[in-house]
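# Breakdown of the fold
Chain by chain, the residues:
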Amino acid sequence: MNFKRYFIRVLHRLQKGPGYTYKELLVWYCDNTNTHGPKRIIREGPKKKVIWFFLTLLFASLVFWQWGILIDTYLSYSVSSSLSIGFKTMKFPAVTVCNASPYKYSKARHLLKELDELTEAALERILQSKHGDAISAPPLNSSETVSQRLDLKLWNQIPLVLIDESDPDHPVIIDLFETDQNLPSTVGSSFGILLPAVKVCSLLDLTCMYWNFTSAAQAVTEWYILQSTSILSKVPLQERIRMGYQPEDMILACLYGAEPCSYRNFTQIYHPDHGNCYIFNWGMDKEALISSNPGAEFGLKLILDISQQDYIPYLTYTAGARLMLHEQKSFPFLKDQGIYAMSGTETSIGVLVDELERMGYPYSDCTMNGSDVPVKNLYNKYNTSYSIQACLRSCFQAQMFENCGCGHYLFPLPEGVNYCNNEDDPDWAYCYSSLRSSIRHRQFCIDSCKETCNDTQYKMTISMADWPSEASEDWIFHILSYERDLSTNVTLDRNGIIKLNIYFQEYNYRTISESAATTIVWLLSSLGGQFGFWMGGSVLCLIEFGEIIIDFLWITIINIISWCKGLKQKRARAQYPDTPPTVSELVEAHTNLGFQHEDTNITPCDEVPPPGALPPEPGTPPPKYDSLRVDPRAGIDSDSDAEAS
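Now for a quick tour of the structure. Residue positions are given per chain, counted from 1 along the sequence in the order it is written. Only residues with pLDDT of at least 70 are given local features in this predicted model, and only at 80 or more are side-chain atom pairs given and counted; all residues enter the totals for whole chains, interfaces and linings. Hydrogens and water molecules were not included; the side-chain quantities draw on all heavy atoms of the structure.

Here the focus is the nonpolar core. Of all hydrophobic cores here, the largest spans 64 residues; its most connected members are W155, L160, V198 and W223. Within this scheme, the nonpolar core is defined by two criteria: the residues are buried Ala, Val, Leu, Ile, Met, Phe, Trp, Tyr or Cys, and they are joined through side-chain atoms within 4.5 Å. For each residue, the accessible area found with a 1.4 Å probe, counting protein chains only, is set against the maximum for its type, and the residue is called buried under 20%, exposed over 50%, and partly exposed in between. Counting residues in each nonpolar core, the second largest holds 34 residues, with F266, V353, I498 and Y507 among its members.

Spelled out as structure tokens, the structure:
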């Protein structure tokens with residue numbers, strides 16, 4: 001009970017208005033606030049009151065509307081980019097060079113022999129169909145001859161087909177080596193234009209998918225890559241490294257600034273697309289090299305031999321060296337970010353450095369080191385830093401294993417997973433094709449991976465010239481042939497030699513950094529500017545408004561308590577329908593059992609006792625305690641008489 005009284009007393013003390021009604025509090029606020037408008041509502045005449053009421057309401061609405069826009073702009077967490085240019089000594093980038101061909105054909109021929117024979121026979125059939133000759137024309141004059149000469153096991157797993165789309169609703173599919181197919185004698189006269197396609201099927205649900213191509217060259221290349229992937233995935237890693245181009249054969253000369261270097265200054269890695277690759281200044285074992293000055297004489301000079309004559313004819317259709325500039329301790333993704341250097345030329349590459357600095361959450365969804373990315377980075381075995389390319393490929397490999405039960409040959413393997421091949425995983429090509437063309441799976445990887453917050457990009461200016469010149473090629477080839485093969489004969493030619501010059505074009509580096517476009521200081525100043533412009537208010541006016549809200553709440557609480565108290569009193573009065581008894585009556589009712597209330601409606605003469613009944617026992621009447629009460633009027637009269645006397 002004491003707590004209740006104390007609480008009510010506190011409520012009364014916290015109440016700040018001149019009264020306890022909403023109207024009085026509102027009038028008090030309008031008369032005392034520093035905000036323009038409310039004072040005029042209570043001080044002007046009736047007409048001006050209406051005008052000022054609508055003006056105040058209009059401008060208050062504008063203020064709240066502008067505040068909503070400003071808060072929404074701040075919560076969008078937009079950024080602004082700034083460009084700054086600096087000048088300093090810089091680390092020379094890591095340079096990765098690879099041959100366009102992953103393997104030497106002389107060392108991989110025994111693995112690809114059957115596949116090459118199938119490819120040659122398929123090309124003959126395709127050329128015959130293009131000229132309108134019969135599919136079964138010599139030298140492959142019968143299907144039995146084809147079966148005897150070739151092993152169609154590889155072909156039946158992933159065949160090449162021709163599709164006649166003269167009737168789009170009913171296309172005709174022709175397998176080049178189908179044995180039970182009755183074809184017309186002349187394809188050109190009975191069929192329309194035949195488009196090549198790669199056929200991949202699933203043995204589980206007996207469904208097939210066709211990769212259509214407009215050119216037979218593209219179709220044969222993609223088909224050969226699928227077949228060779230299955231074959232090479234079963235070859236051990238060390239054997240694949242042995243079949244590739246070795247550093248002492250590929251790197252003929254090296255010079256960094258004024259310091260000579262050799263293939264021993266390069267770190268070798270195996271890249272599935274390009275075989276053996278060699279990285280200069282990777283920074284894994286030694287500190288990164290610092291470039292002292294800009295210009296070609298202070299950069300890296302290389303002479304490479306790509307041995308173009310030993311390329312795999314159906315797998316590598318581009319001659320040259322593949323190279324890439326990247327940061328130290330980062331994995332080179334040459335297929336996406338690399339460039340080609342053409343044989344028989346001197347390629348000069350001038351480098352400019354761009355440093356990107358992105359803001360993290362909530363301004364952008366970038367990551368510092370990939371620790372907050374839900375995808376396991378399969379390239380960590382190289383001890384390289386995180387990149388979005390590594391994340392995307394790791395995500396695809398994880399989905400490949402989840403959907404197909406095996407891993408793709410071009411990406412690192414998770415623990416306990418084997419590469420896909422036609423013998424162990426006959427449905428892998430169909431599964432891989434479905435996965436690669438699935439937008440949902442690609443979007444899942446894009447949503448899961450994040451950009452790095454800090455990144456360094458190398459912008460290249462490339463120029464080329466013939467090298468060596470006709471006047472100097474004789475002695476240059478003699479010297480290089482002797483240094484490599486210790487032979488007086490010329491073993492090199494223009495088709496296999498590449499010269500590279502890589503250098504900083506200038507020492508100016510650009511830093512592109514992000515900063516918050518809207519800060520909390522901007523938000524507060526903008527909110528205050530709008531409030532002051534439309535209503536002439538300030539922060540104190542907002543405090544006053546908050547105070548009046550608190551007052552309204554306290555008045556509401558006090559009214560609720562008063563209402564509850566009045567409701568309780570009404571319930572107490574409802575227990576006595578007539579006049580409530582006096583104190584003496586309540587006391588006598590508990591102490592004297594013979595006492596009964598007098599009934600004013602029954603007189604004593606009306607009460608007749610029944611025959612034979614004893615008369616009622618008289619009870620002692622209680623004293624009339626009410627007579628002991630002091631009449632206040634008597635005191636007043638006595639006081640008045642005393643004053644009169």
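Two cysteine sulfurs form a disulfide in these notes if their separation is within 2.5 Å. On inspection of all chains with the given rule, the structure shows eight disulfides. Covalently, C201 is tied to C208 through a disulfide, its sulfur atoms 2.0 Å apart. Taking the sign of the torsion about the S-S bond as the criterion, the disulfide between C201 and C208, at about 105°, is right-handed. C208 sits in the partly exposed class, given a relative accessible area of 37%. In this model, C391 is linked to C449 through a disulfide, with the two sulfur atoms separated by 2.1 Å. Its S-S torsion of approximately -85° makes the covalent link between C391 and C449 left-handed.

What follows is about helix α2 (residues 22–32). Residue pairs spaced three or four apart in an α-helix point in one direction, given the helix's 3.6 residues per turn. Helical segments are the DSSP runs of H or I of at least four residues, strand segments are the runs of E of at least two, and each set is numbered from the N terminus. For α2, the set of buried residues is L25, Y29 and C30. Take α2 and look down its axis: the buried residues cluster within an arc of 130°, on one side only. Buried residues in α2 make contact with α3 (38–43) and α18 (539–573). As used here, the arc is the angular range of directions from the helix axis to the C-beta atoms. Whether two residues touch is decided by their heavy atoms; if any such pair falls within 4.5 Å, the residues are in contact.

With that settled, consider the packing of aromatic side chains. Aromatic pairing here means that ring centres of Phe, Tyr or Trp (its six-membered ring) are within 6.5 Å. Orientation follows from the plane angle: under 30 degrees is stacked, over 60 is edge-to-face, and everything else is tilted. Under the criterion given, the structure shown has 25 aromatic pairs. Ring centres 5.5 Å apart and planes at 85° place the aromatic pair Y77 and Y363 in the edge-to-face group. Here Y77, found in the loop between α4 (46–75) and β1 (79–87), pairs with Y363, found in the loop between β16 (345–357) and β17 (366–367); they are 286 residues apart in sequence, far enough to count as distant. Where W428 meets Y432, the ring centres are 6.1 Å apart and the plane angle is 35°; that geometry is what we call tilted. Of this pair, W428 and Y432 both sit in helix α14 (residues 428–436), separated by four residues, roughly a single helical turn. Given a relative accessible area of 1%, W428 falls into the buried group. An aromatic cluster is built from F87, F92, Y256, F266, F280, F504 and Y507, whose rings are joined through pairwise contacts. Two conditions define a charge located above a ring, namely a distance within 6 Å from the ring centre to NZ of Lys or CZ of Arg, and an angle within 35 degrees of the ring normal. The cationic tip of K88 hangs over the ring face of Y509; the distance from NZ or CZ to the ring centre is 4.8 Å.

Ordered by their spatial adjacency, five strands build an open sheet running β10-β11-β3-β14-β15, and the pairing between neighbours is antiparallel. Strands with a single pairing partner mark the edges of an open sheet, and in this sheet they are β10 (266–271) and β15 (339–341). Taken over all neighbouring pairs, the strand axes of this sheet differ in orientation by 30° on average, direction set aside. At least two DSSP bridges between two strands are needed for those strands to be called paired. Every axis corresponds to a line fitted to the C-alpha atoms, with the helix fit spanning only the stretch in contact, and the corresponding angles, defined between N-to-C directions, vary from 0 to 180 degrees.

Next up on the list: the pattern of salt bridges. The salt bridge criterion pairs a side-chain nitrogen of Lys or Arg with a carboxyl oxygen of Asp or Glu, the two atoms within 4 Å. This model, assessed by the stated rule, comprises twelve salt bridges. In this structure, the salt-bridge partner of K234 is E423, at a minimum N-O distance of 3.0 Å. Of this pair, K234 sits in the loop between α9 (216–232) and α10 (237–243) while E423 sits in the loop between α13 (388–404) and α14; the two residues are 189 residues apart in sequence, bridging distant segments of the chain. For E423, a relative accessible area of 37% puts it in the partly exposed group. Put simply, R484 and D305 hold a salt bridge, and the shortest N to O gap is 2.0 Å. Of the two residues, R484 sits in helix α16 (residues 473–485) while D305 sits in strand β13 (residues 300–305), which places them 179 residues apart along the sequence. For D305, a relative accessible area of 4% corresponds to the buried category. Sharing partners across several salt bridges, the network here consists of D365, D372 and K450.

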